[in-house]
Every structure is written in structure tokens, then in C-alpha cells.
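Residue-level structure breakdown
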Amino acid sequence: MRLYNQLLNEFKREQTGYSTIAIIGQSCIGSVAAMVVLMNHMPAAIKLTLLFLVTILCMAYNGAVLARLNAKTTFNLLVLSVLFSILTIIGSLI
């Protein structure tokens, strides 16, 4: 929890810069997650559900930045999006 608070405070301090950089990184990780899901041989319902969730979470963060939501909401969406994309990548590769 201490690490989270430190990162959140840093994000709040320079929200404009970090949001811009994070859009690029988070979108790249989300794109890789979408590609890995589509390349994986799994039932279509699971594949499309994972693809939907990855896409919605990435778009939610991008929308939060564009809507200039408060720093905590934007940071939480960033963390959620990146963690879900990374877990999806790892899960699809196993």
C-alpha cells in the first residue's frame, strides 16, 4: 500500500506528463494482449470476452485522460488496465 501511495502522489504531481506517457505504454501492452488472445486457440466465447475486457479497460483509461478525471481515478484505471493486460498475456501464453 505504501508503494501505491508513493506512485499515486508522484502521478498527481505531474499528471499531464505521466498520463501522456502512460497512454502510449498502456496502449502498447493492451495491443499485445489483444494480439495474443486472438492468436490463442480457445473457445470463441472466452476469446471474445477477453478481447472485449482488454479493449474496454484500455479505452476507459484513455477516456479518463481525455475527460481529465481526477488523478486517483485515472491512476486506478491505468493500474487496472495494465495489470489485466499483463495477466491476459501471461494466461494466454501458458
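Summarised in this report is the structure supplied together with it. Predicted model only: the values in this text are computed from it and were never measured. (Residues numbered from 1 in each chain as written. Predicted model: local features only at pLDDT ≥ 70, side-chain atom pairs only at ≥ 80, totals over all residues. Heavy atoms only, no water.)

Right, let's get into the nonpolar core. Ranked by size, the top nonpolar core spans eight residues in total: Leu8, Phe11, Ala22, Tyr61, Val65, Ala71, Phe75 and Leu78. Looking at this core, the elements with two or more residues in it are helix H1 (2–13), helix H3 (44–66) and helix H4 (71–93). Examining the composition of this core, we find that three residues originate from one element, H4, more than from any other. With near-sequence residues (within four places) excluded, Leu78 lies in contact with Phe11, Ala22, Gln26 and Tyr61. (Core = buried A, V, L, I, M, F, W, Y, C linked by side-chain atoms within 4.5 Å. Buried < 20%, exposed > 50% of the residue type's maximum accessible area, 1.4 Å probe, protein only. Helix = DSSP H or I, 4+ residues; strand = E, 2+ residues; numbered from the N terminus. Contact = heavy atoms within 4.5 Å.)

Bringing the packing of helix H2 (residues 15–39) against H4 into the picture now. Taken N-terminus to C-terminus, the directions of H2 and H4 make an angle of 25°; their axes are 9 Å apart at the nearest point. In terms of axis orientation, H2 runs roughly parallel to H4. The two elements H2 and H4 cross, and the hand of that crossing is left-handed. Where H2 abuts H4, its residues Gln15, Ser19, Ala22, Gln26, Ile29, Gly30, Val32, Ala33, Val36 and Val37 lie against Ala71, Thr74, Leu78, Ser81, Val82, Ser85, Ile86, Thr88, Ile89, Ser92 and Leu93. (Axes fitted to C-alpha atoms, helices over the stretch in contact; angles between N-to-C directions. Parallel < 35°, antiparallel > 145°, perpendicular 65-115°, else oblique. Left-handed = near helix turned anticlockwise from the far one by under 90°.)

Before going further, it helps to spend a moment on the pattern of salt bridges. For side chains of opposite charge, pairing can occur when their charged atoms come near one another. A full pass over the atoms with the stated rule returns two salt bridges. Note that Glu10 and Arg13 form a salt bridge whose closest N and O atoms lie 2.7 Å from each other. You can see Glu10 and its partner Arg13 sitting in helix H1, three residues apart, about one turn around the helix. Overall, Glu10 belongs to the partly exposed group, its relative accessible area being 28%. Sharing partners across several salt bridges, the network here consists of Glu10, Arg13 and Glu14. (Salt bridge = Lys/Arg side-chain N within 4 Å of Asp/Glu carboxyl O.)

What follows concerns H4. Across its 23 residues, H4 extends 33 Å between first and last C-alpha, which sits within 8% of the 33 Å expected from 1.5 Å per residue. Where H4 is concerned, the buried positions are Ala71, Thr74, Phe75, Leu78, Ser81, Ser85, Thr88, Ile89 and Ser92. In this fold, the buried residues of H4 make contact with H1, H2 and H3. (Expected span 1.5 Å × (residues − 1).)

Attention now moves to unusual backbone geometry. Positive phi values are uncommon outside glycine, yet Arg68 reaches one of about 55°. Structurally, Arg68 can be placed in the loop between H3 and H4.

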